[in-house]
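Read off the chains here:
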Amino acid sequence: MFGKQKKESITYGIVGLGRFGYALAMELAESGAELLVIDRDEEKVRELREITENAYVVKNLDKKSLLDTGIRNCEVAVVCIGEQMGTSILTTLHLVSIGVPTVIAKANSAEHGEILEKLGAEVVYPERDMAIRLAHRLESSQILDYVQLSKKINITKVVVPDKMTGRSIMDLDIRSKLGLNIIAIENHENVMEDVRPEYVLRKDDILYLSGSAEGLHKLTEFIEKERMA
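These remarks concern the structure in this document. (Residues numbered from 1 in each chain as written. Predicted model: local features only at pLDDT ≥ 70, side-chain atom pairs only at ≥ 80, totals over all residues. Heavy atoms only, no water.)

Another aspect to go through is the overall build of the protein chain. In terms of helices and strands, the protein chain carries 9 helices and 11 strands. Carbon and sulfur atoms provide 52% of the accessible area of the protein chain, an area that totals close to 13200 Å². (Helix = DSSP H or I, 4+ residues; strand = E, 2+ residues; numbered from the N terminus. Areas by Shrake-Rupley, 256 points an atom, 1.4 Å probe, with all protein chains shown as cover.)

With that out of the way, let us pick up the side chain of Thr-92. Structurally, Thr-92 is set in helix 4 (residues 85–97). Assessed through its relative accessible area of 0%, Thr-92 is described here as buried. Within the structure, Thr-92 has its side chain in polar contact with the backbone oxygen of Ser-88 (distance 2.7 Å). (Buried < 20%, exposed > 50% of the residue type's maximum accessible area, 1.4 Å probe, protein only. Polar contact = N/O pair within 3.5 Å; in protein donor to acceptor, adjacent residues only side chain to side chain.)

Taken together, the 4 bridges between strand 1 (residues 12–15) and strand 2 (residues 35–39) define a ladder with parallel strand orientation. What sits directly across from Val-15, in strand 2, is Ile-38. Assessed by its sense of winding, the connection that carries the chain from strand 1 through helix 1 (residues 19–30) to strand 2 is right-handed. Inspection of the sheet shows strand 1 paired to strand 4 (residues 76–79) by 4 bridges, in the parallel sense. In the strand pairing of strand 4, Val-15 is matched with Val-79. (Pairing = 2+ DSSP bridges. Right-handed = clockwise from strand over helix to strand, strands pointing away.)

Moving on, we come to the nonpolar core. Formed by 23 residues in total, the largest nonpolar core has its most connected members in Val-15, Ile-38, Leu-61, Ile-71 and Leu-95. Going through the elements one at a time, strand 2, strand 4, helix 4 and strand 5 (102–106) are the ones with two or more residues in this core. Discounting chain neighbours no more than four positions away, the residues touching Val-15 are Ile-38, Leu-61, Ile-71, Val-78, Val-79, Cys-80, Ile-81, Thr-91 and Leu-95. (Core = buried A, V, L, I, M, F, W, Y, C linked by side-chain atoms within 4.5 Å. Contact = heavy atoms within 4.5 Å.)

What follows concerns unusual backbone geometry. In this structure, Asp-173 takes a positive phi of about 50 degrees despite not being glycine. Within the secondary structure, Asp-173 is located in the loop between helix 7 (169–172) and helix 8 (174–178). By relative accessible area, which is 33% here, Asp-173 ends up partly exposed. Even without a glycine there, the phi angle at Asp-204 is positive, about 80 degrees. Along the chain, the position of Asp-204 falls in the loop between strand 10 (190–192) and strand 11 (206–211).

Bringing helix 4 into the picture now. With 13 residues, helix 4 should reach 18 Å at 1.5 Å per residue; the first-to-last C-alpha distance of 18 Å fits that figure. Within helix 4, burial applies to Ser-88, Ile-89, Thr-91, Thr-92, His-94 and Leu-95. Buried residues belonging to helix 4 abut strand 1, helix 3 (63–69), strand 4, strand 5 and helix 5 (110–118). Of the residues trailing helix 4, Gly-99 is marked for its positive phi of about 95 degrees. (Expected span 1.5 Å × (residues − 1).)

Turning our attention to the packing of helix 4 against helix 5. Interaxial distance between helix 4 and helix 5 falls to 10 Å at its minimum, and their mutual angle equals 15 degrees. Considering the angle they form, helix 4 stands roughly parallel to helix 5. Between helix 4 and helix 5 lies a crossing whose hand is right-handed. Between helix 4, through Met-85, Ser-88, Ile-89 and Thr-92, and helix 5, the contact on the second element is made entirely by His-112, Ile-115 and Leu-116. Broken down by class, the residue content of the contact of helix 4 with helix 5 amounts to 4 nonpolar, 3 polar and no charged. (Axes fitted to C-alpha atoms, helices over the stretch in contact; angles between N-to-C directions. Parallel < 35°, antiparallel > 145°, perpendicular 65-115°, else oblique. Left-handed = near helix turned anticlockwise from the far one by under 90°. Nonpolar A, V, L, I, M, F, W, Y, C, P; charged D, E, K, R; others polar.)

Time to look at the side chain of Asn-187. Position of Asn-187 relative to the elements: it lies in strand 9 (residues 180–187). Taking the relative accessible area as the measure of exposure, Asn-187 reaches 8% and is therefore buried. Looking at Asn-187, its side chain comes within polar contact range of the main-chain oxygen of Lys-203, at 3.5 Å. Beyond its immediate stretch of four places on either side in the chain, Asn-187 contacts Arg-202, Lys-203, Asp-204 and Asp-205.

Turning next to helix 5. Taken together, the buried positions of helix 5 are occupied by His-112, Gly-113 and Leu-116. Down the axis of helix 5, the sector holding all buried residues measures 95 degrees, keeping them to one side. The exposed residues of helix 5 that point more than 90 degrees off its buried face are Ala-110, Glu-111 and Lys-118. Where helix 5 is buried, its residues touch helix 4, strand 5 and strand 6 (122–124). Of the residues flanking the end of helix 5, it is Gly-120, one or two places downstream, whose phi is positive at about 105 degrees. (Arc of directions from axis to C-beta.)

Dropping the structure here:
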């Protein structure tokens, strides 16, 4: 039905080539990942055949059709069908039941996400996550970027506040005060990944911080108080 040749070790399977699924496929392909993509739209699948030979038109996402594509050989399968909740839930259930090691599913609401989690999938909320990211950037002019990896792990890129310049990492003690870790420091395109406790922060330093959303919120409050003082 889908051809005899199947690669045994395809890293990512993507089900649904809407805006989210298509963009995800293109980004993964650009990074050199092995892909398998599925959609019911022949035109979309034809476009993706330029980046992977494992691109299949599947009209009915039942268990047999999914097995026929070879998606069970993927290490990770991503269900990008958030708008059609019923199809999303059934497809996620099938992928989990056929033994795909990691199933990630897009959700459009908390209720949708809760069902997907109970089925054994990791859940992503693209629209919500983009809104959170934008809100954090708008919250402070010194926050350059924000990425939420999970509820407990967040990464932000922030210009060093004036009150922090001239002080050492050890003296500031951001880890114990805010629960944040400095993972890198950038200054005029020079990036230092091995951050020493004795390093003294300079004007125009950019900090790459990881930690909880609460810690990053406390940092934002500190920046805003310093800016308004």
